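# Working through the structure, step by step
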Amino acid sequence: MERRTYAREYAGAGARMLGLLLAGGMLLTACGGGGSVHKSSADGASGRQGTSGGGQVAPAPATAGASDEGAQQAEGGRQKSVAPDYLSTFALDVDTASYGYARRRLADGYLPEAETVRPEEFVNSFRQDYRRPAGNGFSVTVDGARADTGGAGAGDWSLVRVGLATRVADEHGERPAAALTFVVDISGSMAEPGRLDLVKKSLSILTDELRDDDSVSLVTFSDEAKTLLPTTRLRDHRGKIRDAVDSMEPTDSTNVEAGIRRGYEEAVDGHRQGANNRVVLLSDALANTGETDADAILERIDAARHDYGITLFGVGVGSDYGDALMERLTNKGDGHTTYVADETQARKVFVDQLPAHIELRARDAKAQVAFDPKTVQQFKLIGYEDRKVADEDFRNDSVDGGEIGPGHTVTALYAVRLRDGAAGHVATATVRWLDPRTRAPHEESGSVETGAIDGGLWGGGSGKRLQVAAVAAYFAQELRGDRLPGQPGLGELATRASSLAAATEDSSVRKLADAIARADRLKGGSGSDGGVQQEGEMD
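What counts, and where the lines are drawn
- Residues numbered from 1 in each chain as written.
- Predicted model: local features only at pLDDT ≥ 70, side-chain atom pairs only at ≥ 80, totals over all residues.
- Heavy atoms only, no water.
- Salt bridge = Lys/Arg side-chain N within 4 Å of Asp/Glu carboxyl O.
- Helix = DSSP H or I, 4+ residues; strand = E, 2+ residues; numbered from the N terminus.
- Buried < 20%, exposed > 50% of the residue type's maximum accessible area, 1.4 Å probe, protein only.
- Phe/Tyr/Trp six-rings, centres within 6.5 Å; stacked < 30°, edge-to-face > 60°.
- Contact = heavy atoms within 4.5 Å.
- pLDDT = per-residue confidence, 0-100.
- Pairing = 2+ DSSP bridges.
- Axes fitted to C-alpha atoms, helices over the stretch in contact; angles between N-to-C directions.
- Arc of directions from axis to C-beta.
- Polar contact = N/O pair within 3.5 Å; in protein donor to acceptor, adjacent residues only side chain to side chain.
- Core = buried A, V, L, I, M, F, W, Y, C linked by side-chain atoms within 4.5 Å.
- Parallel < 35°, antiparallel > 145°, perpendicular 65-115°, else oblique.
- Left-handed = near helix turned anticlockwise from the far one by under 90°.

### Re the pattern of salt bridges
This structure, assessed with the given rule, holds 31 salt bridges. Ionic pairing is found between R161 and D129, a salt bridge with its closest N-O pair at 3.4 Å. Taken together, the residues span a long stretch of sequence, with R161 in strand β8 (residues 157–166) and D129 in the loop between α4 (119–123) and β7 (138–146) at a distance of 32 residues. Given the relative accessible area of 45%, D129 is considered partly exposed. Here R432 and D397 are joined by a salt bridge, their closest N and O atoms 2.9 Å apart. Remark: D397 occurs in the loop between β17 (389–390) and β18 (402–404) and R432 occurs in strand β20 (residues 425–434); sequence separation between them is 35 residues. Using a relative accessible area of 11% as the deciding quantity, one classes R432 as buried. In the salt-bridge network here, residues are joined through shared partners; they are R104, D108, E192, R195 and D284.

Right, here's the structure in full:
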């Protein structure tokens, strides 16, 4: 995926703006989504075109000139004016593997590859302070703050945070039974410390946590796949399950396709009506045998996925990790992914967060944020490039969304530039999801006004959790070579993260500060704010 700095995002904007001002109109140019132009029909919001994940927005043209190709369409030899698209639509995502893997790479003394860095997964790795809904749906919280850091280009930009949360699992409540099929990579690459040994420890931990009425099956794969343990109730068979786990040894090559196909066959054979049926893939995802394309792999198990509602949970391990393949598999497999580097993280995933990983509160969940053109001049969704949904498909329930469990929070951050003197409504965020059992659609919305984002991010009394989200997003942007308005350098980010760790007494924020400091050292301690090219500036 092409990564762009803000300077390149706005390259040529000055020339376009001059031509449009001479024509008496204003131009809509995209700020995200690979630089495509997002337009909407002048007839209203119902005819949205293209795929929207964020973009730069400007006033609708009052009088479009002949040179205004960004604000006009040719139709039957005539020029037709179009209004800007103020919608941003994406599938929800609770993956955190990108951040976990980045921390592992930094701990090993290497910067993560830019293409493995997904800002939304950095942000969603941290606890947030959103209110929880009373029922099984979502709460929607929208707030923000001015980007008042010392970083270059802050100007009149703000960060707007869209926060979605599900109700936590009742600790003493009755959850549906779990029917889990573990698909374990035992290829030669899994012999490295921190791979198969960690997987075996993780499964041992999980065996202790599951209930008597839960069931598990175990599939292993290297150059081919085999069933090590058919579907087995936990009740009186924990010792048998542990013996099967202990017997796994690394060998041969990595045929992910064979493992997933056999895993879904086992999941179908052991399918339990009313239970949480899930395939759990534990692998370094370094496929080198058989089919290695995620779409082709999933096509072979598509019927099992749709007909039986089986979801895929990916657990990544290893210093070399096939991040792109695992993310693609879980996105298309109606699930999510995480990454574990040690036993502490394994316990967090398989003990502390167990209900969130095996239960579902929502299927095919999508969010759509509608910005008010009277107050908003530009916006950019930070991350979610791989999760964009066409605006017109927001209420098309056949279009894939995200699967969300209990106790999850989903955060989307936007860089938003308000119009001069703007006051009033800024945006309305709506989340739509399907009930995991009845498939009935539901929606919930929340909105934000200019007064709620007037305070400074650091000095204006904004919440600590918003600040943590901002630091995580800025860190991710820095690692992949992108710039945001007001983005500080790594040195300042590390300092702010350290202060937040002390203020929140949150060990995960302390680890974030350590990771930023490591990245700063690996980059030579440059930590400079750099430049952000604004609208109308020239190279």
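On we go from here.
### Examining the packing of aromatic side chains
According to the stated counting rule, one finds 11 aromatic pairs in the structure shown. Centre to centre, the rings of F122 and F475 are 5.8 Å apart; their planes meet at 65 degrees, and the pair counts as edge-to-face. A residue pair is termed long-range when its members are at least 10 positions apart, and F122 in helix α4 and F475 in helix α13 (residues 464–479) qualify at 353 residues. Residue classification places F122 among the buried residues on the basis of a relative accessible area of 0%. On the basis of relative accessible area, F475 is assigned to the buried category, the value being 1%. Ring geometry for Y321 versus Y339: centroids 5.3 Å apart, planes at 55 degrees, classification tilted. One end of the pair, Y321, is in the loop between β13 (311–316) and α10 (323–332); the other, Y339, is in strand β14 (residues 336–339), with 18 residues separating them in the sequence. Residue Y321 is classed as buried on the basis of its relative accessible area of 7%.

### A short note on the side chain of S217
Looking at the element boundaries, S217 is found in strand β10 (residues 215–221). Setting aside anything within four residues of it in sequence, one finds S217 in contact with L180, T181, F182, L229, P230, T231 and E266.

### Quick word on the confidence of the model for the protein
With 80% of its residues at a pLDDT of 70 or more, the protein has an overall mean of 82. Low confidence marks residues 56–83, where pLDDT is under 50. Its contacts with residues over four positions away, or in another chain, come to 74 contacts.

### Here we look at the pairing of strand β16 (residues 376–381)
The element β16 is largely enclosed, with a buried count of 6 among its 6 residues. As judged from the 5 bridges shared by β16 and strand β19 (residues 409–418), these two strands associate in the antiparallel manner. Considered in β19, the bridge of V376 is made with L418.

### Re the sheet that holds β14
Where strands meet in a sheet, backbone hydrogen bonds hold them as pairs that are either parallel or antiparallel. Taken together, 6 strands build an open sheet; the order of strands is β11-β10-β9-β12-β13-β14 and the sheet is mixed. Strand pairing shows two members of the sheet lacking a second neighbour, β11 (225–233) and β14, which therefore form its edges. If you compare each strand with its neighbour and ignore which way they point, the axes differ by 15 degrees on average. Where strand β9 (residues 178–185) and β10 come together, 7 bridges link them in parallel fashion. Each residue of the ladder has a partner; that of L180, found in β10, is V216. Contacts from α10 reach β12 (276–283), β13 and β14, with the element oriented near 160 degrees to β13.

### Quick word on helix α11 (residues 343–352)
Along α11, the residues that are buried comprise Q345, A346, V349 and F350. Burial along α11 is one-sided: seen end-on, the buried residues are contained in an arc of 110 degrees. Exposed side of α11, more than 90 degrees from the buried face: T344 and D352 are the residues found there. A distance of 3.2 Å separates the backbone nitrogen of T344 from a side-chain oxygen at the start of α11, and that oxygen is part of D342.

### Focus: the nonpolar core
Among the nonpolar cores identified, the biggest contains 40 residues, and F122, L457, V471, Y474, F475 and I516 are the most heavily contacted of them. Taken together, the elements giving at least two residues each to this core come down to α3 (97–107), α4, β8, β19, α13, α14 (490–504) and α15 (507–522). Per-element accounting of this core gives the leading share, 11 residues, to α13. With sequence-adjacent residues up to four places away left out, V471 is seen in contact with W458, L493, R496, A497, L500, L512 and I516.

### A short note on the packing of α13 against α14
Relative orientation of the contacting elements α13 and α14 amounts to 150 degrees, with a least axis distance of 10 Å. Between α13 and α14, the angle is such that the two are roughly antiparallel. Crossing of α13 against α14: the hand is left-handed. Counting all contacts with α13, which are made through K464, R465, Q467, V468, V471, Y474, F475 and E478, the residues of α14 involved are L490, L493, R496, A497, L500, A503 and T504.

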